[in-house]
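Okay, here's what each chain looks like letter by letter:
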Amino acid sequence: MDFDPCPLMIRTAIAALSLALLLPASAQVMKDGFWQQRSSTASGGLEVGVPLREFERTWGSTTFGLSANIAIPMRTLPLEFGYDFAWGRMGSEVRTLDRPTGNIIGSRGRRRVDVKCSVLGHHALVRFNPLRGKLRPYGDAMLGARNFITRSTLTTEQGKADEVRDGQWVASVGWAAGLMYSFSRQIFVEGRVERLYNGKVDYVNPQTIDIASDGSVTYEKLSGHTGSLQIHLGVGLRF
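None of these values were measured; they are calculated from a predicted model. (Residues numbered from 1 in each chain as written. Predicted model: local features only at pLDDT ≥ 70, side-chain atom pairs only at ≥ 80, totals over all residues. Heavy atoms only, no water.)

Chemist: Help me out: how do you make sense of the overall build of the protein in this one?
Modeler: When helices and strands are tallied, the protein shows two helices and twelve strands. The linear arrangement of helices and strands in the protein, starting from the amino end, is α-β-α-β-β-β-β-β-β-β-β-β-β-β. Counting over 239 residues, the protein shows a buried share of 42%. Entry remark: accessible area of the protein is about 12400 Å², with carbon and sulfur atoms responsible for 61%. (Helix = DSSP H or I, 4+ residues; strand = E, 2+ residues; numbered from the N terminus. Buried < 20%, exposed > 50% of the residue type's maximum accessible area, 1.4 Å probe, protein only. Areas by Shrake-Rupley, 256 points an atom, 1.4 Å probe, with all protein chains shown as cover.)

Spelled out as structure tokens, the structure:
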């Protein structure tokens, strides 16, 4: 895996986030607010993925998607165990075919070919979350895998569809720094930054997707490490 120093802009963003986490934590009074008890949490929201290093050089486009995580405290220890899921859209291509292609027996009329490239993240996490009160910074260690997948779907006017999938899994490790702010006993907002280190994987280059007049789909693939910086903003519940 590639562990070279981050570009200046990325290092600056990480430093700014770290400072934003440390200042509220240092000023927080342990008995302040109504969120004093240890509890399980679940949150979800929007996520932006910024490719780094080799991934930035080979592909270089930002992903936009959704993410969610759940964490359960481990008795009296300041540790929590949980799961983080993320979905990001890498690109897509759609074409409507006005004439029969002959690829689906008995089909007639207009056809729609839809090609979507996505990346799915599945990570187990261990969270260090020692503080109490309305404002809670935390840190995660993450281990799991990501799935770079392309789905090509052909749909007819009669509702029939044919789907082809092309995907590959890659091991993924990383860390995250987050901040929760509680509005009530159950509801909080959350911001977090994840740094993911991924192994080498072959993935579809969405910019090369071509849909022919007969409905066939062609594309080129890129290969390399796919490390990224993931930025998450969402809302959550404690229970």
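Okay, back to it.
Chemist: Sorry if this is basic, but what is going on with the sheet that holds strand 6 (residues 161-182) here?
Modeler: Strand pairs in the sheet, formed through backbone hydrogen bonds, run parallel or antiparallel to each other. In spatial order, the strands read 1-2-3-4-5-6-7-12; together these eight strands close into a barrel with antiparallel pairing. Sheet twist, expressed as the mean angle between neighbouring strand axes with direction ignored, is 25°. Note that strand 1 (residues 41-51) and strand 12 (residues 228-238) share eleven bridges and pair antiparallel. The residue of strand 12 that forms the bridge with glycine 45 is glycine 234. (Pairing = 2+ DSSP bridges. Axes fitted to C-alpha atoms, helices over the stretch in contact; angles between N-to-C directions.)

Chemist: I keep staring at the packing of aromatic side chains and nothing clicks. Help me out?
Modeler: In this description, a pair of aromatic rings is defined by centroid distance and the angle of the planes. The tally for this structure, following the rule as stated, stands at five aromatic pairs. A ring pair is formed by phenylalanine 55 and tyrosine 203, whose centres lie 5.5 Å apart and whose planes are at 90°; its orientation type is edge-to-face. Placement of phenylalanine 55 in helix 2 (residues 53-58) and of tyrosine 203 in strand 8 (residues 200-204) is noted, with a sequence separation of 148 residues between them. Tyrosine 203 shares its class with phenylalanine 55; the two are buried. Between phenylalanine 148 and tyrosine 203 the ring centres are 5.7 Å apart and the planes differ by 35°, which places this aromatic pair in the tilted class. Taken together, the residues phenylalanine 148 in strand 5 (residues 135-156) and tyrosine 203 in strand 8 connect sequence positions 55 residues apart. Given a relative accessible area of 4%, phenylalanine 148 falls into the buried group. These aromatic residues form a ring-pair network of at least three members: Phe55, Trp59, Phe148 and Tyr203. In this structure, arginine 127 packs its charged tip against the face of tyrosine 138, placed 4.0 Å from the ring centre. Of note, arginine 195 hangs over the ring of tyrosine 197, and the distance from its end group to the ring centre comes to 4.1 Å. (Phe/Tyr/Trp six-rings, centres within 6.5 Å; stacked < 30°, edge-to-face > 60°. Lys NZ or Arg CZ within 6 Å of the ring centre and 35° of its normal.)

Chemist: Quick question: what am I supposed to make of a nonpolar patch on the surface here?
Modeler: Taken together, the side chains of Ile70, Ile72, Tyr83, Ile187, Leu237 and Phe239 define a hydrophobic patch exposed on the protein surface, amounting to about 570 Å² of accessible area. Along the chain, leucine 237 turns up in strand 12. Of the residues examined, leucine 237 reaches a relative accessible area of 49% and is grouped as partly exposed. (Patch = residues over 30% accessible without salt bridge, like charges linked within 9 Å, V, L, I, M, F, W, Y side chains within 5 Å. Salt bridge = Lys/Arg side-chain N within 4 Å of Asp/Glu carboxyl O.)

Chemist: I tried to follow the nonpolar core on my own but got confused; where do I start?
Modeler: Soluble globular proteins: nonpolar side chains tend toward being buried together. Of all hydrophobic cores here, the largest spans 17 residues; its most connected members are Phe55, Trp59, Met90, Val113, Phe148, Tyr203 and Ile209. Elements supplying a minimum of two residues to this core: strand 3 (79-97), strand 4 (111-128), strand 5 and strand 8. With four residues, strand 4 is the single largest residue contributor to this core. Those residues within four positions of valine 113 in sequence are excluded, and the remaining contacts are Glu93, Val94, Arg95, Leu97, Thr153, Leu154, Ile211, Gly215 and Val217. (Core = buried A, V, L, I, M, F, W, Y, C linked by side-chain atoms within 4.5 Å. Contact = heavy atoms within 4.5 Å.)

Chemist: Where do I start with the pattern of salt bridges in this structure?
Modeler: In a structure, side chains of opposite charge can pair up when their charged atoms sit close to one another. Per the counting criterion, the structure on display carries seven salt bridges. Ionic pairing is found between arginine 192 and aspartate 140, a salt bridge with its closest N-O pair at 2.9 Å. Taken together, the residues span a long stretch of sequence, with arginine 192 in strand 7 (residues 187-198) and aspartate 140 in strand 5 at a distance of 52 residues. For the pair shown, arginine 192 and aspartate 140 are each scored as buried. Each member of the salt-bridge network shares a partner with another, and the members are Arg127, Asp140, Arg192 and Glu194.

Chemist: Which parts of the structure should I look at to understand empty space enclosed by the protein?
Modeler: Taken as a whole, this structure holds three cavities of 30 Å³ or more when the rule is applied. Of the voids in this model, the largest cavity is the one considered here, and its volume is about 110 Å³. As for the largest cavity, its lining consists of 17 residues, of which Glu47, Ala86, Trp87, Arg146 and Gln230 are closest to the centre. Mapped by element, the contributors of at least two residues to the lining of the largest cavity are strand 1, strand 2 (63-73), strand 3, strand 4 and strand 7. Residues of the lining of the largest cavity, tallied by class, amount to six nonpolar, seven polar and four charged. (1 Å grid on protein atoms, 1.4 Å probe; cavity = no way out; pocket = protein on both sides within 12 Å on 5 of 7 lines; lining within 4 Å. Points joined across faces, edges and corners; volume = space filled by probe spheres on them. Nonpolar A, V, L, I, M, F, W, Y, C, P; charged D, E, K, R; others polar.)

Chemist: Quick question: what am I supposed to make of the environment of lysine 221 here?
Modeler: By the secondary structure assignment, lysine 221 is in strand 11 (residues 221-225). You can call lysine 221 partly exposed: its relative accessible area is 43%. With 13 residues separating them in the primary sequence, lysine 221 and threonine 208 have C-alpha atoms 8.4 Å apart. Among all residues touching lysine 221, those that are not within four sequence positions of it are Asp166, Asp202, Tyr203, Val204 and Asn205. Side chain to side chain, lysine 221 and aspartate 166 meet in a polar contact 3.1 Å long. (Polar contact = N/O pair within 3.5 Å; in protein donor to acceptor, adjacent residues only side chain to side chain.)

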